[in-house]
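The lines below spell out each chain.
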Amino acid sequence: MLPCQSTCAAYQCGCHKTCARWQTFQEEQRIQREAKKRYLQYHTARCAQATRQYLSLQVRRPAW
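Since the structure is predicted, the reported quantities are computational estimates derived from the model, not experimental observations.

Participant: Could you give an account of the overall build of the protein, naming the residues involved and the relevant values?
Facilitator: When you go through the protein residue by residue, the secondary structure sums to one helix and zero strands. In the protein, which comprises 64 residues, the share counted as buried stands at 9%. Counting every atom, the protein has about 6200 Å² of accessible surface; 57% of that belongs to carbon and sulfur.

Written as structure tokens, this is what we have:
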């Protein structure tokens, strides 16, 4: 179901394909998804780096 279907007074079946408000909504969603993706990529890399650093600090025992 389209989010504008229940709130738009001018809604008609298939009108979202040419609707300027719908296009703006889609663009805002795309920008938000890209921002979330960049955030996750940045913090995933930081966490991986911290994990590697913590593992390198551990004392390694020789294998017998």
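Here the narrative resumes, following the displayed structure.
Participant: Got a sec to walk through the pattern of salt bridges? Specific residues and values, please.
Facilitator: Counted according to the given criterion, the structure contains two salt bridges. A salt bridge links Arg-30 to Glu-34; its shortest N-O distance comes to 2.5 Å. A residue pair is termed a helical-turn pair when its members lie 3 or 4 positions apart in one helix, as Arg-30 and Glu-34 do in helix H1 (residues 20–57) at four residues. Among the residues examined, Glu-34 registers a relative accessible area of 35% and is labelled partly exposed. Several salt bridges converge on common partners, so that one network encompasses Glu-27, Arg-30 and Glu-34.

Calculation rules
Residues numbered from 1 in each chain as written. Predicted model: local features only at pLDDT ≥ 70, side-chain atom pairs only at ≥ 80, totals over all residues. Heavy atoms only, no water. Helix = DSSP H or I, 4+ residues; strand = E, 2+ residues; numbered from the N terminus. Buried < 20%, exposed > 50% of the residue type's maximum accessible area, 1.4 Å probe, protein only. Areas by Shrake-Rupley, 256 points an atom, 1.4 Å probe, with all protein chains shown as cover. Salt bridge = Lys/Arg side-chain N within 4 Å of Asp/Glu carboxyl O.

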